[in-house]
Amino acid sequence: IIACGLFAGSVVIGLAGYYLARLALVPIQKAWERQQQFVADASHELRTPLAVVKTNAEIMLRHPENTVEQESSRVTNILREAIRMNKLVSTLLTLARADANQLELQLKACMVDDVVETVAEQFRPLFEIKGLELHVNIEPQIEITGDRERLHQLMVILLDNALKYTVPPGQITITCSRLQNQVLLKVADTGCGILPEDLARIFDRFFRGDKARHRETGGAGLGLSIAQWIVEKHGGRIRVESVPNVGTQFYITLPVKSKV
Ligand code: ADP
């Protein structure tokens, strides 16, 4: 009986140990898979611009007699793709550093109204050229503890998307106000909107709503994942509401005093 008891006991302990070890490995396995997916997606994104550069260079080498003027469209293609790759690589580095916890916010007293206003005015001519109306409604003197450069980047991402996904005669509305200990920031557009089934995934890395549309607009599907990182690092929240063919609203709340 004692031997049986000892045997049963050791089987139970062994099984418990095995399942505990497996449970502990699950997050590591998940992190590993996420990392592998990230590398695969990043390589895929780099492959297209690299192919364009390679093909254009090869064609030019076949005609050494041609002048730079004659090859100007190929040179322009190479330059455009090089700029795209440069942008992509620096975005990937940002995300990799954020993942490794090597990217910290530079928290200081920062006037959010000023950041929002600055970016809105930078985008105004771009909206105007495209035939879009810009409405800006900003409460003055909203001071928070934040990273000015990152908040600037957040606004650029949201306004760049509003610009990309809205066709004339559309409207972009930016509102920024303070409510007790929070800043409420809203960026609304009357653009193409987001399909209900895509809403939950738009903050995922490399997610793009419509592949065909994106080949034109050229995004890599990384902007909103960086936007989410910036907001959450400030201790805030970002959410989206959207109706296809009606428009999209991004709502951001930021604490006035960041705990991070
Ligand atoms: P991208 O570089 O493709 O714009 P983002 O991460 O910024 O990448 O956005 C992810 C996806 O979310 C986009 O591909 C698009 O489908 C959708 N999206 C983001 N902002 C808007 C918007 N203002 N209107 C419509 N769709 C949007």
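- The name an unreviewed UniProt entry gives the protein is histidine kinase, with Sporomusa termitida as the organism.
- Its UniProt record gives the protein a comment under Subcellular location (unreviewed entry), which states: "Membrane".
- On record in UniProt, under Catalytic activity (unreviewed entry), the comment for the protein is "ATP + protein L-histidine = ADP + protein N-phospho-L-histidine."

Structural notes on the overall build of the protein
Phase 1: When helices and strands are tallied, the protein shows six helices and seven strands.
Phase 2: Written out in order from the N terminus, the α and β elements of the protein read α-α-β-α-β-β-α-β-β-α-α-β-β.
Phase 3: Counting every position in the protein, which comprises 260 residues, the buried fraction comes to 34%.
Phase 4: Taking as baseline every contact in the protein between residues at least 6 positions apart, the subset at least 24 positions apart corresponds to 72%.
Phase 5: If the 30 positive side-chain charges of the protein are averaged to one point and the 29 negative ones to another, these points end up 6 Å apart.

A closer look at the site of the ligand
Phase 1: Among the 21 residues in the neighbourhood of the ligand, the closest are listed as Asn161, Tyr165, Asp189, Gly209 and Leu224.
Phase 2: Taking Gly209, its main chain carries an N or O atom lying 2.9 Å from an oxygen atom of the ligand.
Phase 3: Ala220 places a main-chain nitrogen or oxygen 3.3 Å from an oxygen atom of the ligand.
Phase 4: Listed by contribution, the elements that provide at least two residues to the shell around the ligand are helix H4 (148–164), helix H5 (211–217), helix H6 (223–233) and strand E7 (247–255).
Phase 5: Taken together, the residues of the shell around the ligand sort by class into nine nonpolar, eight polar and four charged.

Observations concerning helix H1 (residues 2–62)
Phase 1: For H1, with 61 residues, the first-to-last C-alpha span of 86 Å sits near the 90 Å given by 1.5 Å per residue.
Phase 2: Along H1, the helix axis deviates most sharply at Leu25, where the bend reaches about 30°; the proline Pro27 sits within four residues downstream.
Phase 3: Of all the positions in H1, only Phe38, Ala42, Glu45, Leu46, Pro49 and Asn56 are classed as buried.
Phase 4: Along its buried surface, H1 packs onto helix H2 (72–99).

What about the sheet that holds E7?
Phase 1: As summarised here, the arrangement of the five strands in space is E2-E4-E5-E7-E6, forming an open sheet in which the pairing is mixed. Because the sheet does not close on itself, it has two edges, and the strands there are strand E2 (133–138) and strand E6 (237–243). Between one strand and the next, the sheet's axes are offset by a mean angle of 10°, whatever the strand orientation.
Phase 2: Lying on the sheet, H4 is in contact with strand E4 (171–179), strand E5 (182–189) and E7; it crosses E5 at an angle near 25°.

A word on the environment of Val119
Phase 1: Here Val119 lies in helix H3 (residues 112–130).
Phase 2: Residue Val119 is classed as buried on the basis of its relative accessible area, which comes to 0%.
Phase 3: The spatial distance from the C-alpha of Val119 to the C-alpha of Val156 is 6.6 Å, given a sequence separation of 37 residues.
Phase 4: Contacts of Val119, omitting those with residues within four sequence positions, involve His152, Met155, Val156 and Leu159.

Considering the pairing of E5
Phase 1: By the bridge criterion, eight bridges tie E4 to E5 in an arrangement that is antiparallel. Following the sheet pairing, Ser177 is matched in E5 by Leu184.
Phase 2: Taken together, E4 and the strand that follows it, E5, pair antiparallel across an intervening segment of two residues, in which Gln180 is found at a positive phi of about 50°.
Phase 3: Bridge count between E5 and E7: eight bridges; the pairing is antiparallel. The residue bridging Val187 from the neighbouring strand is Phe250, located in E7.

What counts, and where the lines are drawn
Residues numbered from 1 in each chain as written. Predicted model: local features only at pLDDT ≥ 70, side-chain atom pairs only at ≥ 80, totals over all residues. Heavy atoms only, no water. UniProt positions renumbered as here; feature names shortened; annotations may be inferred. Helix = DSSP H or I, 4+ residues; strand = E, 2+ residues; numbered from the N terminus. Buried < 20%, exposed > 50% of the residue type's maximum accessible area, 1.4 Å probe, protein only. Contact = heavy atoms within 4.5 Å. Lys, Arg positive; Asp, Glu negative; His and termini not counted. Charge placed at Lys NZ, Arg CZ, Asp CG, Glu CD. Near = heavy atom within 4 Å. Polar contact = N/O pair within 3.5 Å; in protein donor to acceptor, adjacent residues only side chain to side chain. Nonpolar A, V, L, I, M, F, W, Y, C, P; charged D, E, K, R; others polar. Expected span 1.5 Å × (residues − 1). Bend = angle between axes of the 7 residues up to and from the residue. Pairing = 2+ DSSP bridges. Axes fitted to C-alpha atoms, helices over the stretch in contact; angles between N-to-C directions.

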